[in-house]
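# An overview of the molecular structure
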Amino acid sequence: MTTTVLEVRGLSVAFPHRKGETTAISDVSFDLKLGETTCFVGESGSGKSVTARAVLNIVEPAVIKSGAINLVDVKAGQRIELSGLDPDGAEIRAVRGARIAMIFQEPMSSLSPVHTIGQQIIEAILLHQDVDAAGARAKAIEALRAVQIANPEEAIDKYPFEYSGGMRQRAMIAMALGCEPDILIADEPTTALDVTTQAEILKLLKGLQDTRDMAVMFITHDMGVVAEIADQVVVMLHGAVVETGPVDQVFHAPTHAYTKKLLKAALGLDEAPHGRIAPASDEVLIETRGLSLAFPSKKKLLKKRKVGVQALDDVSIALKRGEILGIVGESGSGKTTLARVLMGRFQPQEGTALYHSRDGGTRDLTDKASFRDGQVYREMRMIFQDPYGSLNPRMTVEQIIGEPLLVGGLLKGAALRKRVGELLERVGLPASAMERYPHAFSGGQRQRIGIARAIALDPRVIIADEATSALDGSIRAQILDLLLALRDELDLAILFIAHDIGVVRYFCDRVAVMHRGRVVETGTALQICDAPQDPYTQRLIAAVPIPDPRKRHLVA
Amino acid sequence: MTLITPADSPEDRIGAVRDTPVGEVDPRIDHSHGTESQWQLIRRRFAKHRLAVISLWILGLFVFVAVFAGFVAPNDPGNVKARYTYAPPQALHFIDRSDEGWSFRPHVYGYKVEIEPEALRRTFVIDEEKKIYLTFFKRSWDYKLFGLIPTDIHLLGPEKTRDPFYLFGADRLGRDMFSRLVYGTQISLSVGLVGVIMSLVLGVIIGGAAGYFGGWFDAVTQRAIEFLRSLPTIPLWMGLAAAMPSDWSPLQTYFAITLILSFLGWTELARVVRGRFLALNGEDYVAAARYDGCSHLRVIVRHMVPAFTSHIITAASLAVPAMILAETALSFLGLGLQAPVISWGVLLQEAQNIRTLATAPWLLLPGAAIVIAVLAMNFIGDGLRDAADPYAK
């Protein structure tokens, strides 16, 4: 028998501004029950985080317009209405942290860098519980042990920068659980983490929930994660709840069209057959042999330089014409460094990297001089990860896309405009978009603009560094399809750097798996995803959540 | 290369996921304002800063006064009238109430001299019987507009040229404080502006090179800046000012002073510029520009400079008041500009004496002008700083 601990009815939140207000969420209703995980899914901007913040009454600068948030104290049999409380008052502060705790997406910025982990956990305990300093410390060590941090007696006196990303998130969870709350709100807690770390954190959360009988409000955009841990699912779109229900029902009998679309985008990547029919040609465009690059440690006064991080260690890959080669690995595995070496940003200490250009010549990519005449940059183009940072906000779309054509002296004036219009239409944007500035576009649209800039020079190779990882599920699928279509039309070779196995499986022909600067395994996408040979690849593949609640394998 | 629109391409694989080409538009987002440029956004943000907008108007007034100094000043600022030593300010009246009724006729009251019986000191008393009528666009003493066009038209002047007209009172030699203040505005504002422009040129070139290319040049300039900034400023200025030959003309001293002021002023701006360059070097769109085949010059001029011009303007607008204050301090100490050049600092030199302050407090008015100008520029700098980066979250 499960007990409802939080009832939300008809909640609406709006951001007031000069001309009226913008509604963030409207008429949202749901229940949280002890011992159950309720997942909130939706794409960015759908109002998931605002809903979570409204529960804690920390929505400033927005205001709660209407609705009721009833927190039920099961033991005392009381109900508190949270939305009516003063956001800075004593009553709501007694609830925050003690009854309802929250963990955030970014474990680095939500921990104070100048205090030890212990100090931060102890502070939360002292604020809400009637214990002395020694008792709080004992409790904090206990909490760290509960989140499976090795050697908690020592770890408690360390600073956040001494922790890895996964350990920081564990510490955040320990802090949140320090006061034994009834409700834990987790706002995308695993999004910033690597997939193997994500699996550990999900397992940890589920275990803690079972032992403590908490209600967990879990916000995510990843349908795989939902399928792994949810009991109940709330699907949000444009600030409204479009579907709620038990996880199995939502996944296997969705009613709302948007839910179906989300599932299709998630399942599509996993179940779509890999569609490359014609094999890539044998013409090799980029070839590296034994690339090694070590970043020296920081130069210290009067001390000898030590050998620092080995970013690349004996990396040999080959990119063939018309082929999509995926480079997969967790953060710090050296995949971005590899891309930067190929683009001439870094020069490796050992090894060769050759590019066979269109005119039949061969360029040495390890030599800065081969980039000087710009030919390599005309034939090898880059798509960036961050759709916001990669477009100059001070230039119109026309100027951004036209820049390589203009600088190369290829086109100008009306011909340039016409070409930019064609490129925009090719990437699925109206030609009229060229007069606007990047801030008028959403993330997916900006990424399309970035692709238009990349194909403007009719390149042979595109290096895409995590080009879809900042995008929402269905948008990601659109961008991948766009790239696939362009590959066929323009005979492009794409070096696709990613950490998302689902994307790689769907998109790539061949995959190289990187771990600590080394390529541990190379093979076709299906080989790597379905029958991995290397133990590291096996662990990586096993940690990927599957968007089907009937196939749970991470937390069971 | 043939171009096919997505609608024509086969609906293969999960192609059905693809919806409208532009993607689903969130109905809550207002897409109507995507065509505004950076400067339009900055102007809108700036307009929200009330205090900054008001300050901009005040500064505009100061600049107008400085540019049209001869036109605004009713009297020749160097004209000595021993009869009116320490004459108090006259209030300006617009409505003339006479026996025939009311009429619009600007006027001031004349002076009556009284001798204090004990101290036998001459004091001026406003004589309400004696009305001095004023006319607009009065022709009196000659000056050159913008230093080029000889003319003798003034905004306001007494009908009879010989009548006293002292809006802000008179100084030790019976010179008109208002006219002197107007001329002081010209010098003080231009010292601030010229000094900042000189430091800006130095700062942008040195700081820009240090930030963009880094390496040993960066290290050397940074140490040099640290050294310069560790020098105590007043003794340094005193030393440099003392080293100026005493036979230099006022114009030469004027340029030497601005040079001395910008000698230290550029360090601050160089740091701002270097910091911006370092930050921008890491931006993806700058990397993208390099991959687009842009030269160093084009990357800097087209992609990086527009990203921080607003920051530079902000830093500069905050540096101008510092320059003005520095000039004032130097001149006040008698080391900066020298009479007959008139600057706010030179005018304040007169107010050093406590006795003159007791009898003629209006000599402090240049101080008020400094406070108002510096405050206005600081508010404008604040407003610009808030508006400088319209893309910041």
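Worth saying up front: this structure is predicted, and the values here are computed from it rather than measured.

Definitions and limits used
Residues numbered from 1 in each chain as written. Chains lettered and ligands numbered in written order. Predicted model: local features only at pLDDT ≥ 70, side-chain atom pairs only at ≥ 80, totals over all residues. Helix = DSSP H or I, 4+ residues; strand = E, 2+ residues; numbered from the N terminus. Buried ≥ 20, exposed ≤ 12 C-beta atoms within 10 Å, placed from the backbone. Contact = placed C-beta atoms within 7 Å. Expected span 1.5 Å × (residues − 1). Arc of directions from axis to C-beta. Pairing = 2+ DSSP bridges. Axes fitted to C-alpha atoms, helices over the stretch in contact; angles between N-to-C directions. Domains from an automatic or database assignment. Nonpolar A, V, L, I, M, F, W, Y, C, P; charged D, E, K, R; others polar. pLDDT = per-residue confidence, 0-100. Left-handed = near helix turned anticlockwise from the far one by under 90°.

## A look at the overall build of chain B
- When helices and strands are tallied, chain B shows 12 helices and 4 strands.
- Counting the 393 residues in chain B, one finds 36% classified as buried.

## Some thoughts on the overall build of chain A
- Helix and strand counts for chain A come out as 19 helices and 21 strands.
- Projecting the C-alpha coordinates of chain A onto the three principal axes gives extents of approximately 80 × 60 × 45 Å.
- For chain A, long-range pairs separated by at least 24 residues make up 69% of all intrachain contacts whose partners lie at least 6 apart in sequence.

## What to know about helix H14 (residues 413-426) of chain A
Residues and elements named next belong to chain A.
- In a regular helix each residue adds 1.5 Å, so 14 residues correspond to 20 Å; H14 covers 20 Å between its end C-alpha atoms and thus fits that length.
- Residues of H14 that are buried include every one of Val 420, Leu 423, Leu 424 and Arg 426, and no others. Along the axis of H14, the buried positions cluster into a sector of 160 degrees, meaning they face one direction only. Residues of H14 that are exposed and angled more than 90 degrees away from the buried face: Ala 414, Ala 415 and Lys 418.
- Along its buried surface, H14 packs onto helix H13 (397-407) and helix H15 (443-455).
- Following H14 by one or two positions, Gly 428 adopts a phi angle in the positive range, close to 85 degrees.

## A few points about the sheet that holds strand S1 (residues 4-16) of chain A
Residues and elements named next belong to chain A.
- Spatially, the 4 strands line up as an open sheet ordered S2-S1-S4-S5, and their pairing is antiparallel. A single partner strand is all that each edge strand has here, and the edge strands are strand S2 (21-33) and strand S5 (78-81). Adjacent strand axes in the sheet meet at a mean angle of 10 degrees when their direction is disregarded.
- Here S1 runs beside S2; their pairing, made up of 9 bridges, is antiparallel. By the bridge assignment for S2, Leu 6 is matched with Leu 32.
- Against the sheet, helix H1 (residues 48-55) engages S1, S2 and strand S4 (63-73), with an angle of about 115 degrees to S1.

## Topic: the domain arrangement of chain A
Residues and elements named next belong to chain A.
- On domain assignment, one finds that chain A holds domain 1 (4-99 + 182-271), domain 2 (106-180) and domain 3 (284-551).
- Placing the centre of domain 1 and that of domain 2 at their C-alpha centroids yields a distance of 24 Å.
- Contact residues are listed per partner, giving 12 residues for domain 1 and 17 residues for domain 2.
- The element best represented in the side of domain 1 that touches domain 2 is helix H7 (residues 195-212), accounting for 6 residues.
- The class makeup of the residues in the side of domain 1 that touches domain 2 is 8 nonpolar, 2 polar and 2 charged.

## Remarks on the confidence of the model for chain A
- Overall, the prediction assigns chain A a mean pLDDT of 83, with 94% of residues at 70 or greater.
- When mean pLDDT is taken per element in chain A, strand S18 (residues 461-465) of chain A scores highest with 91 and helix H10 (residues 257-271) of chain A scores lowest with 75.

## Observations regarding the domain arrangement of chain B
All names here are of chain B.
- Parsing chain B into structural domains produces domain 1 (83-174) and domain 2 (180-388).
- Its C-alpha centre places domain 1 at a distance of 38 Å from the equivalent point of domain 2.
- Taken together, the residues of the side of domain 1 that touches domain 2 sort by class into 4 nonpolar, 1 polar and 2 charged.

## Here we look at the sheet that holds strand S7 (residues 183-187) of chain A
Residues and elements named next belong to chain A.
- The strand order across the open sheet formed by 6 strands is S6-S7-S8-S3-S9-S10, and the pairing between neighbours is mixed. The sheet terminates laterally at strand S6 (100-103) and strand S10 (240-246), the two strands that pair on one side only. Neighbouring strand axes in the sheet, compared pairwise and without regard to direction, differ in orientation by 15 degrees on average.
- Bridging between S6 and S7 involves 4 bridges; their strand directions are parallel. Across the sheet, residue Ala 101 finds its bridge partner in S7, namely Leu 184.

## Some words on the environment of Arg 446 of chain A
Residue and element names in this part refer to chain A.
- Position of Arg 446 among the secondary structure elements: in helix H15.
- For the pair Arg 446 and Leu 429, spaced 17 residues apart in sequence, the C-alpha separation works out to 9.9 Å.
- Apart from the residues lying within four places of it in its own chain, the contact partners of Arg 446 are Pro 387, Tyr 388, Leu 391, Pro 438 and Phe 441.

## Observations regarding the pairing of S18 of chain A
All names here are of chain A.
- Counting buried residues in S18 gives 5 out of 5 residues, a clear majority hidden from the surface.
- Side chains of S18 alternate between two faces, with Val 461, Ile 463 and Asp 465 and Ile 462 and Ala 464 buried alike.
- As paired strands, strand S17 (residues 380-383) and S18 are joined by 4 bridges and run parallel to one another. Looking at the pairing, Met 380 lines up with Val 461 of S18.

## Here's the deal with the packing of helix H4 (residues 177-213) of chain B against helix H12 (residues 365-388) of chain B
All names here are of chain B.
- Two elements in contact, H4 and H12, have axes whose closest approach is 10 Å; the angle formed by their N-to-C orientations is 35 degrees. Viewed along their axes, H4 and H12 form a crossing whose handedness is right-handed. Contact residues: H4 offers Met 177, Leu 181, Gly 184 and Thr 185, while H12 offers Leu 365, Pro 366 and Ala 369.
- Considered class by class, the residues forming the contact of H4 with H12 number 5 nonpolar, 2 polar and no charged.

## Remarks on unusual backbone geometry
Residues and elements named next belong to chain A.
- A positive phi is found at Gln 148, a non-glycine position, where the angle reads about 60 degrees.
- Mapped onto the elements, Gln 148 comes out in the loop between helix H4 (133-146) and helix H5 (152-155).
- Although it is not a glycine, Asp 314 adopts a positive phi angle of roughly 55 degrees.
- Among the structural elements, Asp 314 can be located in strand S12 (residues 309-315).

## A look at the pairing of strand S15 (residues 350-356) of chain A
Residue and element names in this part refer to chain A.
- Two elements, strand S11 (residues 284-295) and S15, share 5 bridges in a ladder whose sense is antiparallel. For Ile 286, the partnering residue across the bridge sits in S15 and is Tyr 355.
- Where S15 and strand S16 (residues 362-364) come together, 3 bridges link them in antiparallel fashion. The residue bridging Tyr 355 from the neighbouring strand is Arg 363, located in S16.
- Between S15 and the antiparallel strand that follows it, S16, lie 5 residues; Gly 360 among them carries a positive phi value of about 90 degrees.

## A word on the packing of H13 of chain A against H14 of chain A
Residue and element names in this part refer to chain A.
- Contact pair H13 / H14: the axes reach a minimum separation of 10 Å and the direction vectors enclose 115 degrees. Viewed along their axes, H13 and H14 form a crossing whose handedness is right-handed. On the side of H13, the interface is formed by Glu 398, Ile 401, Gly 402, Leu 405 and Leu 406, while H14 contributes Leu 416, Arg 417, Arg 419, Val 420 and Leu 423.
- Of the residues assigned to the contact of H13 with H14, the class counts are 6 nonpolar, 1 polar and 3 charged.

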